[in-house]
Amino acid sequence: MVKKIRLLLPMLLLMSILVQNGESVWLTLPRSGNKCVMEEIHNNVVVVGEYTVVIFEGLLRPNPTVSITVMSPSGNIIHHKENATHDEFAFTSTESGLYATCFLDDQPGEGGKLIVNIDWKMGAAAKDWDSIAKKEKIEGVELELRKLEGAVETIHGYLGYHKKREAEMRGVSETTNSRVAWYSISSLGICILASSAQLWYLTRFFRKKKLI
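All of the points below concern the structure found in this document.

Rules used in this analysis
Residues numbered from 1 in each chain as written. Predicted model: local features only at pLDDT ≥ 70, side-chain atom pairs only at ≥ 80, totals over all residues. Heavy atoms only, no water. Helix = DSSP H or I, 4+ residues; strand = E, 2+ residues; numbered from the N terminus. Buried < 20%, exposed > 50% of the residue type's maximum accessible area, 1.4 Å probe, protein only. Areas by Shrake-Rupley, 256 points an atom, 1.4 Å probe, with all protein chains shown as cover. Pairing = 2+ DSSP bridges. Axes fitted to C-alpha atoms, helices over the stretch in contact; angles between N-to-C directions. Salt bridge = Lys/Arg side-chain N within 4 Å of Asp/Glu carboxyl O. Disulfide = S-S within 2.5 Å. Phe/Tyr/Trp six-rings, centres within 6.5 Å; stacked < 30°, edge-to-face > 60°. Patch = residues over 30% accessible without salt bridge, like charges linked within 9 Å, V, L, I, M, F, W, Y side chains within 5 Å. Core = buried A, V, L, I, M, F, W, Y, C linked by side-chain atoms within 4.5 Å. Contact = heavy atoms within 4.5 Å.

## Focus: the overall build of the protein chain
- Each helix and strand in the protein chain was counted, giving three helices and eight strands.
- Counting from the amino terminus, helix and strand elements in the protein chain follow one another as α-β-β-β-β-β-β-β-β-α-α.
- A buried classification covers 29% of the 212 residues belonging to the protein chain.
- For the protein chain, the computed accessible surface area is about 14500 Å², with 59% contributed by carbon and sulfur atoms.

Shown next, in the form of structure tokens:
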């Protein structure tokens, strides 16, 4: 039993690293206009975001608030809220691409610039493992193995997504190379035809003038 646990320890350590599939971003909002952060997410991924107005520079405000809008790659609004200081959003991606989260200072003329912190969690890191453990009545090593399984599924999904993107880019590159090759051949053919026509015209002209 001890031997098995020792064998599982490296896997559990790896899982603890992989499951933390999230990132924290700090944004300083401009006095006018909004500021956005982009995140590339592939299809069918659970995403949880939490944002907080944590610091404001310059003159203090009693209630600094922001407006937030989360948009899909096609421009559909997934989440929108005004007058927020701290909140979270969650969604499951329905398409692959860049998802935008934009913040706007609700009162840009008052006080200093706002700084917003946003935490992204995706895939296995976005799951509520405490609820899953209670629902399925699992704990200890079994729970950690489930987390590891979720992390592996997330990584497998990202690998599949990037493999698909690579195939698409390779197809675009091959198509572009083919078009450039045909363009070069066409240009060369046109140059040869133009040179031949010019040579024929000059030969005919000089013969008429009895110069050759």
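After that view, the rundown keeps rolling.
## Section: the sheet that holds strand β2 (residues 34–41)
- Read from one edge to the other, the open sheet built from four strands follows the order β2-β7-β4-β5, with strand pairing classed as antiparallel. The strands lining the two open edges of the sheet, one partner per strand, are β2 and β5 (77–84). Pairs of neighbouring strands in the sheet enclose a mean axial angle of 10°, with direction left out of account.

## Some points on the pairing of strand β4 (residues 66–71)
- Of all six residues that make up β4, five are buried, and the element is covered over most of its length.
- The sheet contact formed by β4 and β5 spans five bridges and is antiparallel. Bridging across to β5, Thr 69 finds its partner in His 80.
- The hairpin turn running from β4 into β5, its antiparallel successor, is five residues long, and Gly 75 in that turn takes a positive phi close to 95°.

## With respect to the pattern of salt bridges
- Within the structure shown, the criterion is met by three salt bridges.
- Arg 165 is the salt-bridge partner of Glu 40, the closest N and O atoms lying 2.6 Å from each other. Of the two residues, Glu 40 sits in strand β2 while Arg 165 sits in helix α3 (residues 140–208), which places them 125 residues apart along the sequence.
- Glu 40 sits in the partly exposed class, given a relative accessible area of 31%.
- The shortest N-O distance in the salt bridge between Arg 170 and Glu 166 comes to 3.8 Å. Pair noted here: Arg 170 and Glu 166 are both in helix α3, with a separation of four residues, about one helical turn.
- Residue classification places Arg 170 among the partly exposed positions, given a relative accessible area of 43%.

## A look at the state of the cysteines
- Summed over all chains, the structure comprises one disulfide.
- Here Cys 36 pairs with Cys 102 through a disulfide, and the sulfurs are 1.9 Å apart. Because the sign of the S-S torsion sets the handedness, a value of about 105° for the bond joining Cys 36 and Cys 102 places this disulfide among the right-handed ones. Of this pair, Cys 36 sits in strand β2 while Cys 102 is found in strand β7 (residues 97–105), placing the two residues 66 residues apart along the sequence.

## Quick look at the packing of aromatic side chains
- Applying the stated criterion to the full structure yields six aromatic pairs.
- Here Phe 89 and Phe 91 contribute two aromatic rings whose centre-to-centre distance is 6.3 Å and whose plane-to-plane angle is 10°, an arrangement assigned as stacked.
- Phe 89 sits in the buried class, given a relative accessible area of 5%.
- Among the aromatic residues, those joined into a cluster by ring pairs are Tyr 51, Phe 89, Phe 91, Tyr 99, Phe 103 and Trp 120.

## Regarding a nonpolar patch on the surface
- A surface patch of nonpolar side chains, about 520 Å² in accessible area, is lined by Trp 200, Tyr 201, Leu 202, Phe 205 and Phe 206.
- Judged by its relative accessible area of 36%, Leu 202 is partly exposed.

## Notes on the nonpolar core
- The biggest cluster of nonpolar side chains holds 23 residues, and the ones touching the most others in it are Ile 41, Tyr 51, Phe 89 and Phe 103.
- At the level of elements, β1 (22–28), β2, β3 (46–56), β4, β6 (86–92), β7 and β8 (114–122) are the ones that each hand at least two residues to this core.
- If you tally residues by element for this core, the top one is β8, at five residues.
- Leave out the neighbours within four places in its chain, and Phe 103 touches Leu 27, Leu 29, Asn 34, Lys 35, Tyr 51, Val 66, Ser 67, Ile 68, Val 116 and Ile 118.

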